[in-house]
Amino acid sequence: MKSAKNLLSERVWQIGYRYGVTALMATGFITSNVNVQPAFSASTAYCQQTVEEVNETDALRKAAFSGDSNAMQRYKSRVVEKSRSLQECRRRTWPQVQAIWLRLYPCDIQDGVLEGVLDRIVARGYNQVYVEYFYDGQVLLPESQNRSAWPSAVRIPGAENVDLFAQAIQKGRERGLKVYAWLFTMSFGYNYGQRPDRQQTVARKGNGQTSVDTNSAEGDDIKAAEGDVSKLFIDPYSPQARQDYAWIVAAALQRRPDGVLFDYVRYPRQTGTASVATKVKDLWIYGDAAKTALLNRALNQKGRELIRRYLEQGSISTADVDAINKMFPSEPQPMWQGRKVNNTQTVSSSSPSAANPPVSVAQLQAELWYLSVAHAVQGIVDFVSLASQSVQRQGIAAGAVFFPGANKPVGTGGFDSRLQPWDRFPPSMEWHPMAYGKCGERNTSCILEEIQRVLSMTPGGTQVIPALAGTWGNGLKDRPPLEVQMQAIQRAFPQIRGVSHFAYSWQEPEADRDRKFCEVR
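The present account deals with the structure reproduced in this document. These numbers were taken from a predicted model, which means no experiment stands behind them.

Cut-offs used in this document
Residues numbered from 1 in each chain as written. Predicted model: local features only at pLDDT ≥ 70, side-chain atom pairs only at ≥ 80, totals over all residues. Heavy atoms only, no water. Phe/Tyr/Trp six-rings, centres within 6.5 Å; stacked < 30°, edge-to-face > 60°. Helix = DSSP H or I, 4+ residues; strand = E, 2+ residues; numbered from the N terminus. Buried < 20%, exposed > 50% of the residue type's maximum accessible area, 1.4 Å probe, protein only. Lys NZ or Arg CZ within 6 Å of the ring centre and 35° of its normal. Disulfide = S-S within 2.5 Å. Salt bridge = Lys/Arg side-chain N within 4 Å of Asp/Glu carboxyl O.

**Concerning the packing of aromatic side chains**
- According to the stated counting rule, one finds 28 aromatic pairs in the structure shown.
- Look at Phe134 and Phe188: their rings are 6.0 Å apart centre to centre, the planes differ by 80 degrees, and that puts the pair in the edge-to-face class. Placement of the pair is Phe134 in strand β2 (residues 128-135) and Phe188 in the loop between β4 (178-184) and α7 (190-194), with a sequence separation of 54 residues.
- Residue Phe134 is classed as buried on the basis of its relative accessible area of 0%.
- The rings of Trp101, Tyr130, Tyr180, Trp182, Phe403, Tyr436, Phe502 and Trp506 are connected pair by pair, giving a single aromatic cluster.
- One cation-aromatic arrangement involves Arg339 over Trp336; the distance from NZ or CZ to the ring centre is 5.1 Å.
- For the cation-ring pair, Lys477 lies above Trp506, with the distance from its terminal atom to the ring centre recorded as 5.9 Å.

Next up, the structure:
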């Protein structure tokens, strides 16, 4: 005889999400301390398939890939049927776009494995999938075609020609999925930065440190779940880095994905006091290319020399001002891009006349600080703009992934160390804010605040697709279940038409581990 607890869990499983987990709690079917984790619902509230449907597809797929030709025909017909059902459901169900983030592994080249992953994604009601194509210093290209600066993610003898990314696009579309390439952008991977011929591409702070040397907060709970370690951020002004990145973007476009998403479009996130940049040597502008580009923003010799001294010393003094006045006596003011001054003013440490007041050293130093911050930010904007333009020229969607709070000023004159200028990303791109706030397992307020901040700064016509973290049915890591987050978003922002969920590995943790560590046969 079944226990009361088992009967309760079975009842919840049958009811599914018709009214959402919140409504079930309100009716008394479940309470916050009951561990209910249904894999799929018994209704189409979120376009999810029933458990029975999922099991039938799994059994048919296994038979099909075991050599049963009749099962293979029935399996193919079922894939078409489920694709049609998914598309019809999503057209009439909010959100019209429901996407999931997915990392593939070498084990996915085995017969039926990738198909199983994509079947599960369809069964959960997703109609878009963001496949990691460039991450952790490796690229999802077949070894035989990979001429990039990074190794292939699939490095198995005999599989040199296997194009797992192209397979994901093809098999995904067969199931009614749009398949995007998901790329790290300014994070190029540890091994890239160890190459002797790429040392000049690395982003550096004023003390010469790289992102690998610093106290980084990159191991947060979101990315740690995907195993990301030892991030190496590049100098976005580096011509070599731009060329290397352009090659892998072009290779992705050859496979004709439905879109390309650029992640890590920023500088590293640091901890403690280093999480706020308050002085020039905190900025990642000491790579060779970035320094040269900043000096070239000067419009005269006084400006160039003052920028050089500010970069090297971290500040300027009255002695510096006197020195550049003597070096370039014919120039009244140091000038650089964006600087507007009264041409009658001078920079002097001597006593001025009342009619011709000087520009103070303090004012010059403040202007140099904001010039340096703007220069660091512009490098990010230029890097992602160049990459996205190459995508959009081919009629393919491009998007940027960002943290809603990563562009904030902090205190008096300080800035978030990531300096992520998402409010300046091209409005022609999709904007994917990572609304990963932790307000508690029953609270969505901080998640809604993050989305509201983005919408308040969004140019008209920009498509905003929030990325949510969590799992179906249960709160996770101080976040409510996904359906609770989505219900709150739909109520607060009905104009939003799409959301994404991080990540497949969170929805199917055991299956993901099996794929990650399996032995390819």
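Read on for the rest.
**What to know about the state of the cysteines**
- In total, this model carries three disulfides according to the counting rule given.
- Two residues share a disulfide in this structure: Cys107 and Cys518, whose sulfurs sit 1.7 Å from each other. As the torsion about the S-S bond is roughly -130 degrees, the Cys107-Cys518 disulfide counts as left-handed. Remark: Cys518 occurs in the segment after α17 (509-517) and Cys107 occurs in the loop between β1 (97-102) and α5 (113-123); sequence separation between them is 411 residues.

**Some remarks on the pattern of salt bridges**
- The tally for this structure, following the rule as stated, stands at 27 salt bridges.
- Of the charged contacts in the structure, one is a salt bridge between Asp136 and Arg103, with a shortest N-O distance of 3.8 Å. Of the two residues, Asp136 sits in the loop between β2 and β3 (138-139) while Arg103 sits in the loop between β1 and α5, which places them 33 residues apart along the sequence.
- Under the relative-accessibility criterion, Asp136 is labelled partly exposed at 25%.
- Take Arg103: its relative accessible area is 7%, and that puts it in the buried class.
- Measuring nitrogen to oxygen at the nearest pair gives 3.0 Å for the salt bridge that ties Asp197 to Arg198.
- Within the structure, one salt-bridge network assembled from shared partners comprises Asp58, Arg61, Asp119, Arg120, Arg124, Glu174, Arg175 and Glu508.

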